[in-house]
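Residues per chain are reported as follows:
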Amino acid sequence: MTRIGKTAAVLLLTFCAMAVAAAASDEKNTHPPAPHAAANDQPAERAAAETTREATHGAPATHAAEGRAHGPSHANLGKVLPLWSCIPFAGMLLSIALFPLMAPELWHHHFGKIAGFWSATLGIPFLVAFKGTALYEILHIILADYVPFIILLWSLYTVSGGILLRGTLRGTPSVNVVILSLGTLLASWMGTTGAAMLLIRPFLRANSYRKNRTFMVVFFIFLVANVGGSLTPLGDPPLFLGFLHGVSFFWTFRIMPHMLTVVITLLVIYFILDSYYYRKEGVAAPPEAGVKEPLKLEGTSNFIFLAGIVGSVLMSGVVDWGEVNTLGVHRAVQDWVRDGLLIAMGILSLVTTPVSVREDNEFTWFPILEVAYLFIGIFITMIPCLLILKAGSHGALAFLIKGVTQPLHYFWVTGGLSSFLDNAPTYLTFFNTALGSFFSGMAEAEAVPGLMTNHAIYLKAISAGAVFFGACSYIGNAPNFMVRSISEEAGTPMPSFFGYILKYTLVFLVPCFVLVSFIFF
């Protein structure tokens, strides 16, 4: 056995032993609650326990009723998990951050195995320690979260890959700002993933003659893949989740001032940077430029399939066709129908789009395969983190939840957690915390309108934080990693995981969020 293999085995056995010991300790020290205990529960946790709909990173919200068939033990697991149960998730993130730098060849050929290792590091001890409850949580995150997430990404990637922009499009600073502005506008209506997948290839081709392209793609991620999805529930999963819980469809337009503050600031910074590098490079025209060709689109039938994808996602949120039990996991019928429609849209795109269009678009399956392998590891290792977060003031992050009282707190804590965790349950946690703080004991249908009017600043802080901060890391939102993978395959060097955070997030994004905090919260 190699040294790496031995180290992996030791890590796995050690974590398994720790998990079993923790489970035994929890079982030994657990006492029946006093009769009055239930009455003293925080309202936020009562609201969270009643929640029946969830959403994923870039996937549409589902209607699974988590505890309905499995009793309260599933809802309570987050109360007994220690913070160190998040170690595999941290290991997964560190692998994404460090392996491409320290062992690029190993990572390129074995990233799927590395993701599988971290999944096993969490999954095996989790199953040994918590048995059926752990199995349910793993099945739930796969069936209700990962499957719709990857189906949505695959369908958008496949359909957008069949749309080709031909002609001469030269990536000057002004043209690039127009493309970024267009993508930012589209993101709220066709989703951040849809807008990003539609425009990233034309954006890369327009700038293929430029020497400094890395910062361009990073700002594309900032604007098109994240901040642009702030205005409607179609833009980003957390807002769609709020819509399912009673937030009016157009209420999110109230965070337009927050969005415009970030967008305008970033576009100005981008234009200054792009103009500087454009002059420094001294490239007056693309080297291969000859006769200027007019712009034209091919594969336009794929716009019909894009509309079908958006319509399917919206349909799944407005109809209720009941539920179906799949391997013990309850999912809404309309969610399965939506997933089927998304697959159908992708297949129709493959069948109807000429192969030459995809070839000229440099379309390959590697980016979506990379995302599929890595994110199954991320989703599985993230289970303890999400359960602890959902446990609210009864979990290991109680100190954090209880400290959130002001709009500024909601903005930064919701955002900070959304930078690395699933932003949909993060949004839901603090959405319910706000409801419990201001409308204790009131039904959700009555409380949400009050939150939208009397305490709107709190909902604005939660919504803006969940959407904006998704741009802070490659795993903050679904399209981020896809854009990175497509760009690297097209020959644009991208920063490492930590390089992205240190060189761009902290330098450009965080000051924008500080400005938003100062003006609005």
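Only a predicted model underlies this, so the values are computations on that prediction, with no experimental measurement involved.

### Looking at the overall build of the protein chain
Helix and strand counts for the protein chain stand at 22 helices and 4 strands. Residue pairs at least 24 apart in sequence account for 81% of intrachain contacts in the protein chain once pairs closer than 6 positions are excluded.

### Comments concerning the packing of helix α7 (residues 192–206) against helix α21 (residues 478–489)
Their axes nearest at 10 Å, the elements α7 and α21 cross at an angle of 15 degrees. One way to sum up the angle between α7 and α21 is to call them roughly parallel. Seen along the crossing, α7 lies across α21 with a hand that is right-handed. Here T192, T193, A196, M197, I200, R201 and L204 of α7 come into contact with α21, specifically with A478, P479, M482, V483, I486 and S487.

### Points about a nonpolar patch on the surface
Taken together, the side chains of L94, L98, L101, M102, F498, L502, L506 and V507 make up a nonpolar region of the molecular surface, amounting to roughly 790 Å² of accessible area. When contributions to the nonpolar patch are tallied by element, the ones reaching two or more residues are α4 (87–102) and α22 (497–520). Tracing the backbone shows V507 in helix α22.

### Regarding the pattern of salt bridges
For the structure on display, the rule yields 8 salt bridges. Put simply, E298 and R166 hold a salt bridge, and the shortest N to O gap is 2.6 Å. In this pair, E298 is assigned in strand β2 (residues 296–298) and R166 in strand β1 (residues 164–166), connecting sequence segments 132 residues apart. The exposure class of E298 is partly exposed, given its relative accessible area of 22%. The residue E488 makes a salt bridge to R484 at a minimum N-O spacing of 3.5 Å. Linking E488 with R484, this pair stays in helix α21, spanning 4 residues, or about one helical turn. Because the salt bridges share partners, they merge into one network encompassing R331, D335, R338 and D339.

### Side note on the environment of I309
With respect to the helices and strands, the residue I309 is situated in helix α11 (residues 302–318). It is 7.5 Å that separates the C-alpha atoms of I309 and L341, two residues lying 32 residues apart in sequence. Sequence-distant contacts of I309, defined by excluding residues within four places in its chain, comprise L152, S155, L156, V159, L342 and M345.

### Side note on the state of the cysteines
All told, the structure shown has 0 disulfides when counted by the stated rule. Left without a disulfide partner, C385 is nearest to the cysteine sulfur of C86, which lies 3.2 Å away. Overall, C385 belongs to the buried group, its relative accessible area being 7%.

### What about the packing of helix α8 (residues 214–223) against helix α10 (residues 256–281)?
A pair of packed helices is captured by two measures, namely the crossing angle of their axes and the spacing between those axes. Remark: α8 packs on α10, axes separated minimally by 11 Å, with the N-to-C direction vectors making an angle of 170 degrees. Considering the angle they form, α8 stands roughly antiparallel to α10. In contact with F215, M216, F219, F222 and L223 of α8, α10 contributes V263, L266, L267, I269, Y270, L273, D274 and Y277. Partitioned by chemical class, the residues of the contact of α8 with α10 number 12 nonpolar, no polar and 1 charged.

### Notes on the packing of aromatic side chains
Scanning all chains against the criterion turns up 44 aromatic pairs. Geometrically, the ring pair formed by Y146 and F379 is edge-to-face, given 5.8 Å between the ring centres and 70 degrees between the ring planes. One end of the pair, Y146, is in helix α5 (residues 104–160); the other, F379, is in helix α14 (residues 366–381), and 233 residues separate them in sequence. You'll find Y146 and F379 in the same group, each marked buried. The lysine or arginine in question, R331, covers the ring of W336, its NZ or CZ lying 4.3 Å from the ring centre. Lying across the ring of F363, R358 places its NZ or CZ 5.0 Å from the centre.

### Here's the deal with the pairing of strand β3 (residues 323–326)
Inspection of the sheet shows β3 paired to strand β4 (residues 329–332) by 4 bridges, in the antiparallel sense. Within the sheet, the bridge partner assigned to E323 lies in β4 and is A332. Count of turn residues in the β3/β4 antiparallel hairpin: 2 residues, of which L327 carries a positive phi of about 55 degrees.

### With respect to the nonpolar core
Ranked by internal contacts, the top residues of the largest apolar core, which has 140 residues, are F126, F222 and F468. A total of 21 residues in this core trace back to one element, the largest contributor, which is α5. When neighbours within four sequence positions are excluded, F468 is seen to be in contact with V227, S230, H258, M259, V262, F411 and F513.

Conventions adopted
- Residue numbers run consecutively from 1 along every chain, following the written order of its sequence.
- The model is predicted, so local features are restricted to residues of pLDDT at least 70 and side-chain atom pairs to those at 80 or more, both for listing and for counting; the totals for chains, interfaces and linings are taken over all residues.
- In computing side-chain properties, one takes all heavy atoms of the structure into account and sets aside hydrogens as well as water.
- Secondary structure follows DSSP: runs of H or I at least 4 residues long count as helices, runs of E at least 2 residues long count as strands, and numbering of each begins at the N terminus.
- The contact definition used throughout considers only heavy atoms, calling two residues in contact when any of these lie within 4.5 Å.
- Only the contacting stretch of a helix is used when fitting its axis, a line to C-alpha atoms as for every element, and angles between N-to-C directions run 0 to 180 degrees.
- An angle below 35 degrees is read as roughly parallel, one above 145 as roughly antiparallel, one from 65 to 115 as roughly perpendicular, and any other as oblique.
- Here a crossing is called left-handed whenever its near helix is offset anticlockwise from the far helix by less than a right angle, and right-handed whenever the offset is clockwise.
- Patches in this entry comprise residues that are over 30% relatively accessible and not in a salt bridge; like charges within 9 Å are linked, as are nonpolar side chains (Val, Leu, Ile, Met, Phe, Trp, Tyr) within 5 Å.
- Where accessible areas are quoted, they stem from the Shrake-Rupley method and a 1.4 Å probe; at the residue level, only the protein chains shown are allowed to cover.
- Only one rule defines a salt bridge in this text: a Lys or Arg side-chain nitrogen within 4 Å of an Asp or Glu carboxyl oxygen.
- When a residue's accessible area, from a 1.4 Å probe over protein chains only, is under 20% of the maximum for its type it is buried; when over 50% it is exposed; and in between it is partly exposed.
- Put simply, a disulfide is two cysteine sulfurs that come within 2.5 Å.
- Under this grouping Gly is polar, as are all residues other than the nonpolar Ala, Val, Leu, Ile, Met, Phe, Trp, Tyr, Cys and Pro and the charged Asp, Glu, Lys and Arg.
- Within 6.5 Å between ring centres, the rings of Phe, Tyr and Trp (the latter by its six-membered ring) count as paired, and their orientation is classed by plane angle as stacked under 30 degrees, edge-to-face over 60, tilted in between.
- A positively charged side chain is recorded as over a ring if its NZ (Lys) or CZ (Arg) lies within 6 Å of the ring centre. The angle to the ring normal must also be within 35 degrees.
- When DSSP finds at least two bridges between two strands, those strands are taken to pair.
- Take the buried Ala, Val, Leu, Ile, Met, Phe, Trp, Tyr and Cys residues and link them wherever side-chain atoms come within 4.5 Å; each set so joined is a nonpolar core.

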